[in-house]
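# Commentary on secondary and tertiary structure
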Amino acid sequence: MRILFCSDAFTIDGVTSYILNVGAALKRAGHNVAVVGRWAGKGFQSRYRHEGFNVITCPSFSVGNLYFDLRAKLFRPDVIMTDPRRSFPLATRIKKLTNAPVITYFLDPVEKTDRPGRDLASLVKFSDVFTAFEPDILRQLHELNTNIPVIKMTRPLDIFFTPSELPDKKNFNLLCFGRLSRYKTPGIFHILNNIGEINAKIPNFTINILGGGGWRLYELKLFAYELNRKIGRKCVKIIGAQTNPSKFIQEANVIFASATSAMEGAYSQRPVIAMCSGYFGQVKPENLNEAVKSYFSERYAKNDFSSLLDDLFRIYDDYESETFRENLRVISHNLGNEFSEKETVKNFDEIIKLPGIQWHPRNSA
């Protein structure tokens, strides 16, 4: 089957990461995968190509253009996959040209927006299937009471990440992982503001901050410079955006993250402290279901970071305990069962068997 993913741009964020992981799973299952979107600097283009995707891109002021129209018609998609926000107008434009059905995947709660082309009425009018993997979002989609099928479709964690044993605790590496937006950085600033206590408790620690974020990235670089000078060594490192974070996850002793970044860390068998604009805390086997439901603090968490250092120091103290490490293996195993390549392909196979989402012989010829 020919699958065309629409992307507003290739900047590294949740949508482009979803396309990479889901697209790779479908490509490995034998499908022909392409992604179309305007060029906006460094992103996942190289990784898409490495996975065998057909990458259709060019600089463009608008989300769609005549070049995309031509290339989309030449690709002859059987289905179009899009998020409901920035790339949705491009998907509807291509749908009108190719008559291919649109699978709209929701990575965030359903939003009633008045923005032309991606308002709720447009989503209902031009979508043929709705998908999500978070229970609350699936519930919201069902409550729209449309005739559009709502299918659970997970994103795979095991495409690019592998569980591995913890690195030695000698040089304790704290990895803050995720986009450096205003919404996602309160916990990072809490860590940096309390770096003196961390320095007193954990010798030879390093704080790596991984992610892109415009001016906030430069604010953190300046803050890191001041802290490093105060402590007398380079203990805070601002890495910035990376197309492949696997190496940094493998080297981490503990990960601070939310959403997919937290899931990838936990699946890799690393202790995870989930935080975003609010604080969820250490992910454990007994709270894993709640962590998933909150999308690892992305959806809801306490606006109180006062227990962050206690959670960090408890991880440091328990780090070499077999019970602690077995709990990490349990978390990784449970996430791997639900968010696997096999499960993603199974979900997609369910979708393409739906009435109206059939192969299009004129396109696939």
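Structure shown above.
Before going into details, it helps to say that this report is about the structure given with it. (Residues numbered from 1 in each chain as written. Predicted model: local features only at pLDDT ≥ 70, side-chain atom pairs only at ≥ 80, totals over all residues. Heavy atoms only, no water.)

## Describing the packing of helix H1 (residues 14–28) against helix H15 (residues 341–352)
Across the interface, H1 lies against H15 with an axial gap of 9 Å and an inter-helix angle of 80 degrees. Regarding the angle of H1 to H15, the classification is roughly perpendicular. Note on element contacts: H15 touches H1 through Glu341, Thr344, Val345 and Phe348, opposite Val22, Ala25, Leu26 and Arg28. Considering only residue class, the contact of H1 with H15 consists of five nonpolar, one polar and two charged. (Axes fitted to C-alpha atoms, helices over the stretch in contact; angles between N-to-C directions. Helix = DSSP H or I, 4+ residues; strand = E, 2+ residues; numbered from the N terminus. Parallel < 35°, antiparallel > 145°, perpendicular 65-115°, else oblique. Contact = heavy atoms within 4.5 Å. Nonpolar A, V, L, I, M, F, W, Y, C, P; charged D, E, K, R; others polar.)

## Digging into the nonpolar core
Judged by nonpolar contacts, the single largest core of 61 residues is most densely connected at Phe5, Tyr48, Met81, Phe296, Leu335 and Phe348. The element best represented in this core is H1, accounting for eight residues. (Core = buried A, V, L, I, M, F, W, Y, C linked by side-chain atoms within 4.5 Å. Buried < 20%, exposed > 50% of the residue type's maximum accessible area, 1.4 Å probe, protein only.)

## Focus: the pairing of strand S6 (residues 129–132)
The alternating pattern of S6 places Val129 and Thr131 on one face and Phe130 and Ala132 on the opposite face, and all of these are buried. Pairing of strand S5 (residues 102–105) with S6, which is carried by three bridges, proceeds in the parallel orientation. Residue pairing for S6: Thr104 is matched across the bridge by Phe130. Crossover S5 to S6 through helix H5 (residues 120–126) is right-handed. As paired elements, S6 and strand S7 (residues 150–152) share three bridges and run parallel to each other. The residue of S7 that forms the bridge with Thr131 is Ile151. Viewed along the sheet, the connection from S6 through helix H6 (residues 135–143) into S7 turns out right-handed. (Pairing = 2+ DSSP bridges. Right-handed = clockwise from strand over helix to strand, strands pointing away.)

## Digging into the pattern of salt bridges
According to the stated counting rule, one finds 20 salt bridges in the structure shown. As a salt-bridge pair, Arg93 and Asp69 come within 2.9 Å of each other at their nearest N and O atoms. Taken together, the positions of Arg93 in helix H4 (residues 88–98) and Asp69 in helix H3 (residues 66–75) put the pair 24 residues apart, joining distant regions of the chain. As a salt-bridge pair, Arg299 and Asp108 come within 3.3 Å of each other at their nearest N and O atoms. (Salt bridge = Lys/Arg side-chain N within 4 Å of Asp/Glu carboxyl O.)

## A look at the sheet that holds strand S8 (residues 173–177)
An order of S10-S9-S8-S11-S12-S13 is seen for the six strands of this open sheet, with the pairing classed as mixed. Looking along the sheet, the strands with just one partner apiece sit at the ends: strand S10 (236–240) and strand S13 (279–282). Strand-to-strand twist across the sheet, computed as the mean angle between neighbouring axes with direction ignored, equals 15 degrees. Sheet contacts for helix H7 (residues 186–193): S8, strand S9 (206–210), S10, strand S11 (254–257) and strand S12 (272–275); angle to S9, the most-contacted strand, approximately 155 degrees. Contacting S8, S11, S12 and S13, helix H13 (residues 308–318) runs over the sheet at an angle of about 15 degrees to S13.

## Re the packing of helix H11 (residues 259–267) against helix H14 (residues 322–338)
With their axes 8 Å apart at the nearest point, H11 and H14 run at an angle of 120 degrees to one another. Our classification of the angle between H11 and H14 gives oblique. In contact with Met263, Ala266 and Tyr267 of H11, H14 contributes Ile331, Ser332, Leu335 and Gly336. When grouped by side-chain class, the residues that make up the contact of H11 with H14 number five nonpolar, two polar and no charged.

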